[in-house]
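Fold and contact review
Take a look at the letters that make up each chain.
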Amino acid sequence: RKIVDILPVAFDLGASRRGAAGGPQAMLQAGLAAKLRQLRLPYRIQEELNAGPAAAEQAADPALAQRPRGRPPMKHLAAAVAVNEALAARVSAAAAAGRWPLILGGDHSIAIGTIAGLASHYRRLGMLWIDAHSDMNTDLTTPSGNIHGMSLAASIGLGASPLTAIGGRIGKIRPERVALVGARSLDPEEKRLIRALGVSCFTMHDIDKRGIASVMEEAVQIVGADTDGVHVSFDIDSLDPRDAPGTGTPVGGGLSSREAFLALELIAEAGVATSAEFVEVNPEADPSGCTAELAVSLIGSLLGDRIL
Ligand code: LYS
């Protein structure tokens, strides 16, 4: 049995709305460790990573000066690079030591560091990206300047070099080894890029039409074909805001908690996942704490929890 290596990342400067930095502590307080004990999984909880006190106040970054006209600058680029480099080193060490990395976000920009770390270990990494968004913007297409909208593109090797070069190698994952699930808010140029690259994208339309079980069967097959590892990058905003209100960029018409549970149970049954991250839990947007509790249950399902 692999040791689950819990890596909390208190970083939310990749998003417009602050608060996801509190996600890791919210999930831990909601009983993540107890859930792992219940599943009889050995685990360790690493020291929390953060951007450091000066990050939010950082001086203007030289890379920002080159921004294309009409697009907002990448926000908090230096802080995002620093935290993702540190995370990449941690994830790489965990994978090299034979542990099972479980990263707690933080906003979704931390996927850049997670994937950079995994890519040093897995040469043919498959990627299940479960999210309302596709995070396929670059510095040239972003409508917001928020780096959490760029993490998948950057990991594929597209966009500004400070992001694509994190962890050393550019192009950590191949588009044909990626499957998006739950998409329902895509910017025009993200749509174009998804089509041009041939990234498999299972939208809410597909899920409504085919059912989540059929979609997951195909998605798991795509990410498991000719790969030596599969990462599950789970954005809590894939769920409908009625079930998971505590997140920074909620979009209606999302997965029900039942669909999300089934999706993660099916990944567990397939036995393909070699790491995961759960991101965008924002306790400041959820005084009830129900979103963090749901996230803990969902993590349990991915790690083998069953009803019977
Ligand atoms: N596509 C939008 C953007 O690039 C929203 C991204 C949300 C990511 N969690 O800003």
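Please refer to the structure placed before this passage.
In this report, we go over the structure that sits alongside the text.

Rules behind the numbers
- Residues numbered from 1 in each chain as written.
- Predicted model: local features only at pLDDT ≥ 70, side-chain atom pairs only at ≥ 80, totals over all residues.
- Heavy atoms only, no water.
- Helix = DSSP H or I, 4+ residues; strand = E, 2+ residues; numbered from the N terminus.
- Rg over C-alpha atoms; globule rule 2.2 N^0.38 Å.
- Buried < 20%, exposed > 50% of the residue type's maximum accessible area, 1.4 Å probe, protein only.
- Areas by Shrake-Rupley, 256 points an atom, 1.4 Å probe, with all protein chains shown as cover.
- Lys, Arg positive; Asp, Glu negative; His and termini not counted.
- Charge placed at Lys NZ, Arg CZ, Asp CG, Glu CD.
- Polar contact = N/O pair within 3.5 Å; in protein donor to acceptor, adjacent residues only side chain to side chain.
- Contact = heavy atoms within 4.5 Å.
- Near = heavy atom within 4 Å.
- Nonpolar A, V, L, I, M, F, W, Y, C, P; charged D, E, K, R; others polar.
- Axes fitted to C-alpha atoms, helices over the stretch in contact; angles between N-to-C directions.
- Left-handed = near helix turned anticlockwise from the far one by under 90°.

The next subject is the overall build of the protein. Along its length, the protein carries eleven helices and nine strands. In summary, the protein has a C-alpha radius of gyration of 17 Å against a globular reference of 19 Å for 308 residues, a match within 12%. In terms of its C-alpha atoms, the protein occupies a principal-axis envelope of roughly 55 × 40 × 40 Å. Within the protein, buried positions represent 55% of all 308 residues. Element-wise, carbon and sulfur atoms account for 51% of the exposed surface of the protein, whose accessible area totals about 12300 Å². In the protein, which carries 29 positive and 34 negative side-chain charges, the distance between the mean positions of the two groups comes to 4 Å.

A few words on the side chain of S134. Structurally, the position occupied by S134 is in the loop between β5 (125–130) and α5 (151–156). A polar contact is formed between the side chain of S134 and the side chain of E190, at a distance of 3.0 Å. Those residues in contact with S134 that lie beyond four places of it in its chain are W129, L152, L180, S185, L186, E190 and I194.

All right, on to the site of the ligand then. Neighbouring the ligand are H133, D135, N137, P143, S144, H148, G149, D187, E190, T249 and E280. Expressed as a share of its isolated accessible area of 310 Å², the protein-covered part of the ligand is 91%. Each residue belonging to the shell around the ligand can be placed in one class, and the counts come to one nonpolar, six polar and four charged.

On to helix α4 (residues 111–119), then. In terms of burial, α4 is a largely internal element, nine of the nine residues being buried. Residues A111, I112, G113, T114, I115, A116, G117, L118 and A119 constitute the buried set of α4.

Right, let's get into unusual backbone geometry. For the peptide bond that leads from G105 to G106, omega is 15°, which places it in the cis range. Along the polypeptide, G106 turns up in the loop between β4 (100–104) and α4. Within the chain, H76 stands out as a residue other than glycine whose phi angle is a positive 55°. Residue placement: H76 occurs in the loop between β3 (49–50) and α3 (77–96). When its relative accessible area of 26% is taken as the criterion, H76 is described as partly exposed. Here D226, not a glycine, exhibits a phi torsion of approximately 55°, which is positive. Topologically, D226 is positioned in the loop between α9 (212–224) and β8 (229–235).

What follows covers the packing of α9 against helix α10 (residues 257–270). Each pair of packed helices gets described by two things: the angle between the helix axes and the distance between those axes. Viewed as axis vectors pointing N to C, α9 and α10 meet at an angle of 40°, and their least axial separation amounts to 10 Å. For the pair α9 and α10, the sense of crossing is right-handed. Across from I212, A213, M216 and V220 in α9, the residues of α10 making contact are E259, L262, A263, L266, I267 and A270. In terms of residue class, the contact of α9 with α10 is built from nine nonpolar, no polar and one charged.

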